[in-house]
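Coordinate inspection notes
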Amino acid sequence: MAIKNKKLNLKDKYQYLTRDMAWDPSYQKKEDIFPDEQFEGIKISDWSQWEDPFRLTMDAYWKYQAEKEKKLYAIFDAFAQNNGHQNISDARYVNALKLFLSGVSPLEYAAFQGYARVGRQFSGAGARVACQMQAIDELRHSQTQQHAMSHYNKHFNGLHDAAHMHDRVWFLSVPKSFFDDARSAGPFEFLTAISFSFEYVLTNLLFVPFMSGAAYNGDMATVTFGFSAQSDEARHMTLGLEVIKFILEQHEDNVPIVQRWIDKWFWRGFRLLSLVGMMMDYMLPNKVMSWAEAWEVYYEQNGGALFKDLERYGIRPPKYQDIANDAKHHVSHQAWSTFYQYGQATNFHTWMPTGEEMAWLSEKYPDTFDKYYRPRFEHWAKEHAEGRRFYNNTLPQLCQVCQIPTIFTEKDDPGQLSHRQIVHEGERYHFCSDGCCDIFRHEPEKYVQAWLPVHQIYQGNCDGGDVETVVAKYYHINIGEDNFEYIGSPEHQRWLAIKGKAPEPAPERSGQDAA
């Protein structure tokens, strides 16, 4: 009598197609096959406790992703065929895309490389499968982001060489150094840094502002990418929480190691997100919410609930979160002030906010904007109106760890720059904060090797010793086309022509204004 095969339920199917495809080594030592699994000091007693709440198998994964791809690229084609770039709110918005394409999209590719590498370092099959799927997700995100924004490259400047710029432009060393730091760490620290600290704790502060900003400003191609990536990001966030709980539940000795990593990567992520705060408050013509509001919702409320849940494992909130919570009132203004001064060395245009935009900033930052930042901005606007647009021709001091210029202020004194320094083996190193200083103290051998753009320029290692030569030859930025003041720029003139408006006079770039 023929026996009818019983149909596998989802749990059993997942078990057969993932965990049961692994094997125990017989003629090689496990520690030789997975040499990086132990050197961080993390102790794993039972890999079978790793849980994947989605129980996603590879055949299902390809089916879901293929369906999303078909719909996504159909919308990209429609956007291009209907000249969707003409329907955005203002050409200033495209500068936010330049920042995203050169600062964020390469990070997706770096994440793909990171997950592909660390997945090989785990002896647990569940972790390897999870890393494999996320690696493919990140590669797909890098590709679809570039395709979503490629249409703009036909009509606007500064989108032409994002990958090259990511490796070389001074301010892009901030996101690049973040992922270089994570990828050069051990496998468990990489998962804590990217899957937990970045994907779970801070990712909403990156993706929600950018995608909501795209929707508010008529960029349907980028919005569609955001929807397409949403289900992937949900899995990534779930993996991030599973990773941290799994490590903490395996052995009590893991708790202090994980706590140090959380402190480190929270601070590094917070510093990186200063670029997003600046974009939200200053680069979007139609604004979604302020950076302060986003921080309150997505970190103080959501993050507060998360760390309350992790208390039972012995985990406390990140060490310097009180400084980050206070800085939400200042960080975007200080970052934009810096980029405005160095607009001759960026791959996007800068400008002073209009009177209406300053009123919005005053409403959103009632205790800080009018007192500390409005007078500076009004002075710069007046100087520009009188033909003396301000550019700073002295390169700034960079932090040895996060590589951001030391532009931020002390928590209790917004009039005092925050600066720390350490002498290590006869060399003096500079930092933007106690957070970065602590990171350096724990691993000085790693951070003394940092490639700091300002140092390299002054040493003559960037195809020239002056800013203009470096920007043109080393960065591949078209001077005047891609950067400097937005008002009156060629990009501004083309946008006015698209909208049928009269051109405005080109900005002065002589004397004090010369790069």
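Being a predicted model, the structure only gives us computed values, none of them experimental.

As a further point, take the overall build of the chain. Secondary structure assignment for the chain yields 22 helices and four strands. Here the C-alpha radius of gyration of the chain, 24 Å, is about what a compact globule of 515 residues would show, namely 24 Å. When its C-alpha atoms are laid out on the principal axes, the chain stretches across 90 × 60 × 45 Å. Per-residue burial over the chain gives 56% buried out of 515 residues. Intrachain contacts of the chain at a sequence separation of at least 6 include 78% that bridge at least 24 residues. Only carbon and sulfur atoms are counted for the fraction: they give 51% of the accessible area of the chain, which is about 22,500 Å². Looking at the chain, you have 53 positive and 68 negative side-chain charges, and the mean spots of the two groups are 4 Å apart.

All right, on to the pattern of salt bridges then. Taken as a whole, this structure holds 33 salt bridges when the rule is applied. Taking the shortest distance from any N to any O, the salt bridge between Asp90 and Arg92 comes out at 3.4 Å. Arg92 gets classed as buried once you look at its relative accessible area, which sits at 12%. Here Arg389 and Glu485 are joined by a salt bridge, their closest N and O atoms 2.9 Å apart. On the criterion of sequence distance, the pair formed by Arg389 in the loop between helix H17 (369-385) and strand E1 (409-410) and Glu485 in the loop between helix H21 (467-474) and helix H22 (490-498) is long-range, its members being 96 residues apart. Take Arg389 and Glu485: they sit in the same class, and that class is buried. Three or more residues joined by partner-sharing salt bridges are found here, namely Lys68, Glu69, Asp137, Arg140, Asp232 and Arg235.

Let us look at the packing of aromatic side chains. What the rule picks out here adds up to 48 aromatic pairs. Taken together, the ring pairs in this structure connect Tyr282, Trp336, Tyr340, Trp351, Phe369, Phe377, Trp380, Phe390 and Tyr486 into an aromatic cluster. Geometry around Tyr340 places Arg389 over its ring, the cationic atom sitting 3.6 Å from the centre.

Turning next to the state of the cysteines. If you walk through the whole model with that rule in mind, you get zero disulfides. Distance from the sulfur of Cys432, which forms no disulfide, to the nearest cysteine sulfur (Cys402) is 3.7 Å. The buried category is assigned to Cys432, whose relative accessible area is 1%. With no disulfide of its own, Cys437 lies closest to Cys399 among cysteine sulfurs, the gap being 8.5 Å.

Attention now goes to the UniProt feature "domain: YHS" (unreviewed entry) in the chain. Using the residue numbers shown here, the UniProt feature "domain: YHS" (unreviewed entry) corresponds to residues 413-451. In this annotation, residues 413-451 is assigned 33% helix and 38% strand; the end-to-end C-alpha distance for the span is 31 Å.

A cluster of nonpolar residues, Leu8, Tyr16 and Leu17, forms a patch on the protein surface that exposes about 300 Å² of accessible area. When you line up the elements, Tyr16 lands in helix H1 (residues 10-17).

Time to look at the pairing of strand E4 (residues 427-431). Two strands pair when backbone bridges link them, and strand E3 (residues 420-424) and E4 are joined in this way by five bridges, in the antiparallel orientation. Each residue of the ladder has a partner; that of Val423, found in E4, is Arg428.

The next point concerns the environment of His430. With respect to the helices and strands, His430 occurs in strand E4. As a C-alpha pair, His430 and His419 span eleven residues in sequence and 7.1 Å in three-dimensional space. Residue contacts for His430: discarding those within four places in its chain leaves Gln397, Leu398, Cys399, Gln400, His419, Arg420 and Gln421. A polar side-chain atom of His430 sits 2.9 Å from a polar atom in the side chain of His419.

In this section: the packing of helix H5 (residues 105-119) against helix H8 (residues 173-183). It is at 10 Å that the axes of H5 and H8 come closest, and there the two elements cross at 0 degrees. By the angle between their directions, the pair H5 and H8 is classed as roughly parallel. Contacts from Leu107, Ala110, Ala111, Gln113, Gly114 and Arg117 in H5 reach Pro175, Lys176, Phe179 and Arg183 in H8. Looking at the contact of H5 with H8 residue by residue, the classes come out as five nonpolar, two polar and three charged.

Moving on to H5. With 15 residues, H5 should cover 21 Å at 1.5 Å per step; its first-to-last C-alpha distance of 21 Å lies within 8% of that length. Along H5, the residues that are buried comprise Ser105, Pro106, Leu107, Glu108, Ala110, Ala111, Gly114, Tyr115, Val118 and Gly119.

Where E1 lies against strand E2 (residues 413-417), two bridges are found, and the strand directions are antiparallel. Looking at E2, one finds that Thr409 is bridged to Leu417. Hairpin connection between E1 and E2: a loop of two residues separates the two successive antiparallel strands.

A few words now on the confidence of the model for the chain. Taken over all residues, the pLDDT of the chain has a mean of 90, while the share at 70 or more is 96%. When the criterion is pLDDT under 50, residues 510-515 qualifies, and its contacts beyond four places in sequence or with other chains add up to 18 contacts.

Where helix H4 (residues 93-103) contacts helix H12 (residues 274-283), the two axes come as close as 10 Å, and the packing angle between them is 170 degrees. Here H12 runs roughly antiparallel to H4, going by the angle between their axes. For the pair formed by H4 and H12, the contact residues are Tyr93, Asn95, Ala96 and Leu99 on the first element and Leu275, Met278, Met279 and Met283 on the second. Of the residues that constitute the contact of H4 with H12, the class distribution is seven nonpolar, one polar and no charged.

Rules of the game
- Residues numbered from 1 in each chain as written.
- Predicted model: local features only at pLDDT ≥ 70, side-chain atom pairs only at ≥ 80, totals over all residues.
- Heavy atoms only, no water.
- Helix = DSSP H or I, 4+ residues; strand = E, 2+ residues; numbered from the N terminus.
- Rg over C-alpha atoms; globule rule 2.2 N^0.38 Å.
- Buried < 20%, exposed > 50% of the residue type's maximum accessible area, 1.4 Å probe, protein only.
- Contact = heavy atoms within 4.5 Å.
- Areas by Shrake-Rupley, 256 points an atom, 1.4 Å probe, with all protein chains shown as cover.
- Lys, Arg positive; Asp, Glu negative; His and termini not counted.
- Charge placed at Lys NZ, Arg CZ, Asp CG, Glu CD.
- Salt bridge = Lys/Arg side-chain N within 4 Å of Asp/Glu carboxyl O.
- Phe/Tyr/Trp six-rings, centres within 6.5 Å; stacked < 30°, edge-to-face > 60°.
- Lys NZ or Arg CZ within 6 Å of the ring centre and 35° of its normal.
- Disulfide = S-S within 2.5 Å.
- UniProt positions renumbered as here; feature names shortened; annotations may be inferred.
- Patch = residues over 30% accessible without salt bridge, like charges linked within 9 Å, V, L, I, M, F, W, Y side chains within 5 Å.
- Pairing = 2+ DSSP bridges.
- Polar contact = N/O pair within 3.5 Å; in protein donor to acceptor, adjacent residues only side chain to side chain.
- Axes fitted to C-alpha atoms, helices over the stretch in contact; angles between N-to-C directions.
- Parallel < 35°, antiparallel > 145°, perpendicular 65-115°, else oblique.
- Nonpolar A, V, L, I, M, F, W, Y, C, P; charged D, E, K, R; others polar.
- Expected span 1.5 Å × (residues − 1).
- pLDDT = per-residue confidence, 0-100.

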